[in-house]
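Remarks on the overall topology
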Amino acid sequence: YELNGTCAWGDAAAVIPWVVYVHFGDPYVLKAQYPSMKAWVEYIRGEEERSGGGRLWRTGRHFGDWLALDGKVDGGVYGSTDPYFLATAYYYYSARLTAKAAGVLAKKEEQERYDTLADEIRQAFYREYYTPSGRLAVDTQTAYAVVTAFGLVPEDFREQVKKAFFDKMKENAFRLNTGFVGTPYLCPALSDHGFTEKAYGLLLNEEYPGWLYEVKMGATTVWERWNSVLHDGSVSGTGMNSLNHYAYGAVSEWIYRSVCGIAPDESTAGFKKAVLAPCPDERFQWVKGEYASASGLYRSGWEFEGDHILYEAEIPFDCTAEFLVPEGMAVKSVNGTPAEERERLPLKKGVYRLILEKV
């Protein structure tokens, strides 16, 4: 068979340059890679238009949600999520990132062109994959995670998608069955919909499938499959059992962003501004994290102390951050001074000790 370009893997052409720019703030990477970002999006556009247009990518062979546990055909390696659903979602995502890159590089006409393309893809996606009542036609954990991560949930349907996502997780006893595409977005999507407690449950699950199953089996690196090593310690006979693979380790990003609460603010690249949005959970008594960004060292951590939570943060020189108060909590004091109750707290260079209490 011929495999000219597959979604998710090929979309690295657009995703990686943008992520590097956001974290390091150097537009050179966008200047150097912008031609390949465009070339990838234009390749998809060509495939889409040659197959009848409509801004839906419905051609080619795709790996889909590779090695997902909900796969039922072809040995299960492709997962149950419609590969063309994923292809169109990534088509949108890459087009939008290319537009953002054009904006940074002051290519106004091209920014408008790719923003328009992304808008057209999004509307086509809505028409194809949402019913008039707001039901997502592809009913898998990965589908809900991807539309949430990529901003492909119509505002009017957000509550329907939230409920359906919860029901889909409950259907599997809140255990994951995602593959290479869905797993990186699953915990962030749960947090986005207010289900961070369930995301913690996924992270802390000690049985197969789960990260702590691997730890209990002696893993010091992340496996290619959830069951690359069986309960008796033998390597699975399924094939493709790398014991040092990349995909499922992507949960570390959620740990930094939502457990520790350290994330870049994309409005100012290079971590000149951060978003500190920790989500404390009593299954962890304390968490401490730090990130040596291109703009300096950020620290963020929290600890349960009796009936309150002590949150500590450090913001580097010439940087700012916005602290988002965890849901159901209020800031009672900042560095010993009583604080006004608010949902967001601007921070600048310095060390902070915040007392949080339940409301």
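Our structure's up above, just so we're on the same page.
These numbers were taken from a predicted model, which means no experiment stands behind them.

With respect to the overall build of the protein chain
- In terms of helices and strands, the protein chain carries 10 helices and eight strands.
- Taking 359 residues into account, the globule formula puts the C-alpha radius of gyration at 21 Å, and the protein chain, at 21 Å, falls close to it.
- Overall, the protein chain is about 65 × 60 × 40 Å in size when its C-alpha atoms are taken along their principal axes.
- Within the protein chain, the fraction of its 359 residues that count as buried is 48%.
- Expressed as a percentage of contacts within the protein chain between residues at least 6 apart in sequence, the contacts between residues at least 24 apart total 60%.
- Per element, the accessible surface of the protein chain, about 17,100 Å² overall, is 51% carbon and sulfur.
- The averaged location of the 49 negative side-chain charges in the protein chain is 2 Å from the averaged location of its 38 positive side-chain charges.

Digging into the packing of helix 5 (residues 141-149) against helix 6 (residues 158-171)
- One way to put it is that helix 5 packs onto helix 6 with a least axis distance of 9 Å and a crossing angle of 145 degrees. Along this stretch, helix 5 crosses helix 6, giving a crossing that reads as left-handed. Counting all contacts with helix 5, which are made through Gln141, Tyr144 and Ala145, the residues of helix 6 involved are Val161, Ala164, Phe165, Lys168 and Met169.
- Taken together, the residues that form the contact of helix 5 with helix 6 break down as six nonpolar, one polar and one charged.

Observations concerning the packing of helix 8 (residues 196-204) against helix 10 (residues 251-260)
- Relative to each other, helix 8 and helix 10 sit at 140 degrees, their axes nearing to 12 Å. Looking at the two axes, helix 8 sits oblique to helix 10. Here helix 8 and helix 10 pass one another in a crossing that is left-handed. Note on element contacts: helix 10 touches helix 8 through Val251, Trp254, Ile255 and Val259, opposite Thr196, Ala199, Tyr200 and Leu203.
- A per-class count over the contact of helix 8 with helix 10 returns seven nonpolar, one polar and no charged.

Description of helix 7 (residues 183-192)
- Of the residues making up helix 7, those classed as buried are Thr183, Leu186, Cys187, Ala189, Leu190 and Ser191.
- Next to the buried residues of helix 7 lie helix 5, helix 6, helix 8, helix 9 (211-216) and helix 10.
- Backbone geometry just after helix 7 places Gly194 at a positive phi near 90 degrees.

Things to note about the environment of Leu203
- Tracing the sequence through the fold places Leu203 in helix 8.
- Each C-alpha atom, one on Leu203 and one on Gly233, is 22 Å from the other, the two residues being 30 residues apart in sequence.
- Apart from the residues within four sequence positions on either side, Leu203 is in contact with Trp211, Leu212, Val251, Trp254, Ile255 and Phe284.

With respect to the pattern of salt bridges
- Applying the stated rule across the entire model yields 28 salt bridges.
- For the salt bridge of Glu266 with Lys100, the shortest nitrogen-to-oxygen distance reads 3.4 Å. Of this pair, Glu266 sits in the loop between strand 1 (263-264) and strand 2 (273-276) while Lys100 is found in helix 3 (residues 83-104), placing the two residues 166 residues apart along the sequence.
- Across the salt bridge formed by Asp139 and Lys168, the nearest N and O atoms sit 3.1 Å from each other. Remark: Lys168 occurs in helix 6 and Asp139 occurs in the loop between helix 4 (108-129) and helix 5; sequence separation between them is 29 residues.
- If you follow the salt bridges from partner to partner, you end up with Glu48, Glu49, Arg55 and Glu120 in one network.

Rules behind the numbers
Residues numbered from 1 in each chain as written. Predicted model: local features only at pLDDT ≥ 70, side-chain atom pairs only at ≥ 80, totals over all residues. Heavy atoms only, no water. Helix = DSSP H or I, 4+ residues; strand = E, 2+ residues; numbered from the N terminus. Rg over C-alpha atoms; globule rule 2.2 N^0.38 Å. Buried < 20%, exposed > 50% of the residue type's maximum accessible area, 1.4 Å probe, protein only. Contact = heavy atoms within 4.5 Å. Areas by Shrake-Rupley, 256 points an atom, 1.4 Å probe, with all protein chains shown as cover. Lys, Arg positive; Asp, Glu negative; His and termini not counted. Charge placed at Lys NZ, Arg CZ, Asp CG, Glu CD. Axes fitted to C-alpha atoms, helices over the stretch in contact; angles between N-to-C directions. Left-handed = near helix turned anticlockwise from the far one by under 90°. Nonpolar A, V, L, I, M, F, W, Y, C, P; charged D, E, K, R; others polar. Parallel < 35°, antiparallel > 145°, perpendicular 65-115°, else oblique. Salt bridge = Lys/Arg side-chain N within 4 Å of Asp/Glu carboxyl O.

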